[in-house]
Amino acid sequence: MAGRFSLPQVDLSCPICYDIFRDPVVLKCSHSFCAPCLQQYWTGQGQSRDCPLCRSQSVDDPVPSLTLRNLCESYVQESEGLEETVGDLYCEPGEMCPHHGEKLKLFCLLDKEPICVVCHTSKKHKQHDCCPVSEAIADVKEKMKSALSSLQEKRDTFDKMKKNYEDTVSHIQAQAQFVQRRTHEEFEQLHNFLRAEEEARLEALRAEEEQKSREMRQKIEDMERNITSVCASIRVLEEEITLDGISLLHKCKTTLASTNCPVEDSVISPGALIDVAKYMGSLAFDVWKKMNKIIKYTPVTLDPNTAAPWLVLSDDLTSVCDSDEKQKLPDNPERFDPDTGVLGCEGFTSGKHAWDVNVGENTAWVVGVAKESVQRKEKVSSVLTNGYLCVYFYHKMYFAGTSPLTRLNLKRNPQRIRVMLDCGKGKVSFHDPQDNTHIYTFKYAITEKVFPYFWVGCQQCPLTVEPQEVTVKTGEYC
């Protein structure tokens, strides 16, 4: 039998792509090419179908060369086999056992290290469970893929957390700018009031000073006329004293009569001086009392850090209404989401507290108090068992938040709801402040901090905490 032979690689290479023939074809001129290469060459030539080597025209279609294809396939198989053989003969230094010089083909599952066949029979690894290195590599790759997936998930989680922190920083900056603007506006209002009050008081002082100075100047002018008249009489009297004889007797009667003019009392009349005490007495207190006309006090201030993203709060944090648009706000633990609730900023564990809520024509609302521990990240029924002591208006009906709900039959729709919290007696009462009609009372021990609670499902009419009248009083002595 004939032995195997091989041709040089150049004899099995396409003259166009210089690679081993793929689907070789032969032309009438006996030149061979890859079928795809020849077709691509002819496409670039347009209508011409010449041989890329000898330029002879080819009318007939190229003929597949089976012999050449078989030779090429045999050459490729021989090349791959040779590479595998060389690969088996050559090993990297790390693939050889340092103790026995054998290739590391096994992996000790107990010691977690690759070993050779001789190592497997040694005392160190005898009776240890082993597996082929290829299986160990596959297992390690699976573990690495799992670890990679876990790390990618962690990276995604960290990216989300970083984005949340970045959004929180932006929100903090926006909050600071809002507080700065509102603080400037509030103090500017106080400054304007104080400047106006100062100007009014100084204007009154200037008017009184002008009036009383004018009166004193008038008296000074009168005195100057009197002094001029007296001085004239003195000169006449001094001249007549020098006279002798009967003429002195004739003139002295008239002269002496002019010296008998009465002199008015020189004592200053009462009230001539500026009433300093009127201007300076308890100045700050008097201004404070007047300032009461421009200062508004609300017993409950809404906490924007607890407001659901769909709620819109007024700048002074006293009213809230629903909206269609969800605002981009940090998902902090205090915030209600998805429930459209908001708490007052101050919680209570003792004492008596009351506030009025203007509900107006709002068609869906809940008003009352909520425990600090209420669930804020899930939409739950706001009833007593969930930590709420509230009254409801929904679907044109009133309810008390008991379990189950208690239907309330009110004679008329109240425009305001008064919430009265007595922590000592464990009572939360609701009244209509217009005629003090009692609506409902919860008797529930206050064992943890409770906050004013507001829920709103209406966009047209907000819920508003009514301001309370503030009076300034002084202490009284018996």
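Residues numbered from 1 in each chain as written. Predicted model: local features only at pLDDT ≥ 70, side-chain atom pairs only at ≥ 80, totals over all residues. Heavy atoms only, no water.

- For the protein chain, the name recorded in an unreviewed UniProt entry is Tripartite motif-containing protein 35-like, with Mastacembelus armatus as its organism.

### Observations regarding the UniProt feature "domain: RING-type" (unreviewed entry) in the protein chain
Point 1. The UniProt feature table records "domain: RING-type" (unreviewed entry) at residues 14–55.
Point 2. The distance from the first to the last C-alpha atom of residues 14–55 is 16 Å, and the span holds 26% helix and 14% strand. (UniProt positions renumbered as here; feature names shortened; annotations may be inferred. Helix = DSSP H or I, 4+ residues; strand = E, 2+ residues; numbered from the N terminus.)

### Details of the nonpolar core
Point 1. Within the largest apolar cluster, 50 residues are counted, with the highest numbers of intra-cluster contacts made by Trp365, Tyr453, Phe454 and Leu463.
Point 2. The next biggest cluster of nonpolar side chains, apart from the first, holds 16 residues, and it includes Leu12, Ile20, Trp42 and Cys72. (Core = buried A, V, L, I, M, F, W, Y, C linked by side-chain atoms within 4.5 Å. Buried < 20%, exposed > 50% of the residue type's maximum accessible area, 1.4 Å probe, protein only.)

### A look at the layout of surface pockets
Point 1. Roughly 520 Å³ of volume is contained in the second largest pocket.
Point 2. Taken together, 16 residues form the lining of the second largest pocket, with Arg182, Glu186, Gln189, Lys296 and Asp316 sitting closest to its centre.
Point 3. For the lining of the second largest pocket, the class distribution of residues is 6 nonpolar, 5 polar and 5 charged.
Point 4. Each of two domains, domain 2 (140–294) and domain 3 (311–466), supplies a minimum of three residues to the lining of the second largest pocket. (1 Å grid on protein atoms, 1.4 Å probe; cavity = no way out; pocket = protein on both sides within 12 Å on 5 of 7 lines; lining within 4 Å. Points joined across faces, edges and corners; volume = space filled by probe spheres on them. Nonpolar A, V, L, I, M, F, W, Y, C, P; charged D, E, K, R; others polar. Domains from an automatic or database assignment.)

### Topic: the pattern of salt bridges
Point 1. Using the criterion set out here, one finds 27 salt bridges in the structure.
Point 2. With a closest N to O distance of 3.8 Å, arginine 155 and aspartate 156 form a salt bridge.
Point 3. For arginine 155, a relative accessible area of 48% corresponds to the partly exposed category.
Point 4. According to the relative accessible area criterion, aspartate 156 is partly exposed, its value standing at 38%.
Point 5. Two residues, glutamate 166 and lysine 162, come together in a salt bridge whose shortest N-O distance is 2.5 Å. (Salt bridge = Lys/Arg side-chain N within 4 Å of Asp/Glu carboxyl O.)

### Brief notes about the domain arrangement of the protein chain
Point 1. The domain boundaries assigned to the protein chain delineate domain 1 (9–64), domain 2 (140–294) and domain 3 (311–466).
Point 2. On the side of domain 3, 7 residues touch domain 2, which itself brings 8 residues to the contact.
Point 3. Of the roughly 530 Å² buried between domain 2 and domain 3 on both sides combined, carbon and sulfur atoms contribute 56%.
Point 4. The largest per-residue losses of area from domain 2 upon contact with domain 3 belong to His171, Phe178 and Arg182, which jointly make up 59% of the total buried on that side.
Point 5. Where domain 2 touches domain 3, the interface holds 1 salt bridge.
Point 6. Between aspartate 315 and arginine 181 there is a salt bridge, with the nearest N and O atoms lying 3.6 Å from each other.
Point 7. Inspection of the region where domain 2 meets domain 3 yields 0 residue pairs in polar contact (both at pLDDT 80 or more).
Point 8. Across the side of domain 2 that touches domain 3, the residue classes tally to 1 nonpolar, 3 polar and 4 charged. (Contact = heavy atoms within 4.5 Å. Buried area = accessible area lost by both parts, 1.4 Å probe. Polar contact = N/O pair within 3.5 Å; in protein donor to acceptor, adjacent residues only side chain to side chain.)

### Thoughts on the environment of leucine 283
Point 1. Looking at the secondary structure, you find leucine 283 in helix H7 (residues 283–291).
Point 2. Along the backbone, leucine 283 and proline 467 are 184 residues apart, and their C-alpha atoms lie at a distance of 27 Å.

### Things to note about the environment of leucine 104
Point 1. Tracing the chain through its elements places leucine 104 in the loop between helix H2 (66–89) and strand E4 (106–108).
Point 2. Distance from leucine 104 to glutamine 189, taken between C-alpha atoms, is 86 Å for residues 85 residues apart in sequence.

### Brief notes about the environment of aspartate 324
Point 1. Mapping aspartate 324 onto the fold places it in the loop between strand E8 (319–321) and strand E9 (341–343).
Point 2. As for aspartate 324 and tryptophan 310, which are separated by 14 residues in sequence, their C-alpha atoms are 6.7 Å apart.
Point 3. Polar contacts involving the side chain of aspartate 324 include one to the side chain of glutamine 459, which spans 2.6 Å.

### Here we look at the sheet that holds strand E5 (residues 113–115)
Point 1. Spatial ordering of the open sheet is given by E5-E4-E6, a layout of 3 strands whose pairing is antiparallel. One side of each edge strand has no neighbouring strand; the edge strands of this open sheet are E5 and strand E6 (130–132). The sheet shows a mean angle of 35° between the axes of neighbouring strands, direction not considered.
Point 2. Sheet topology note: the E4/E6 ladder contains 3 bridges and is antiparallel. (Pairing = 2+ DSSP bridges. Axes fitted to C-alpha atoms, helices over the stretch in contact; angles between N-to-C directions.)

### Some points on the pairing of strand E11 (residues 365–371)
Point 1. With respect to burial, E11 is a largely interior element, 7 of its 7 residues being buried.
Point 2. The pairing of E11 with strand E12 (residues 388–394) spans 6 bridges and is antiparallel. Across the sheet, valine 369 pairs through a bridge with leucine 389, a residue of E12.
Point 3. As judged from the 7 bridges shared by E11 and strand E18 (residues 450–456), these two strands associate in the antiparallel manner.

### Remarks on the sheet that holds strand E3 (residues 63–64)
Point 1. Read from one edge to the other, the open sheet built from 3 strands follows the order E2-E1-E3, with strand pairing classed as antiparallel. Only two strands of the sheet have a single partner each, and these edge strands are strand E2 (32–34) and E3.
Point 2. Set on the sheet, helix H1 (residues 35–45) makes contact with strand E1 (24–26) and E2; between it and E2 the angle comes to about 90°.

### Details of a nonpolar patch on the surface
Point 1. A cluster of nonpolar residues, Ile274, Val276, Met280 and Leu283, forms a patch on the protein surface that exposes about 330 Å² of accessible area.
Point 2. With respect to the element layout, valine 276 can be found in helix H6 (residues 276–280).
Point 3. Look at valine 276 and you get exposed, because its relative accessible area is 51%. (Patch = residues over 30% accessible without salt bridge, like charges linked within 9 Å, V, L, I, M, F, W, Y side chains within 5 Å. Areas by Shrake-Rupley, 256 points an atom, 1.4 Å probe, with all protein chains shown as cover.)

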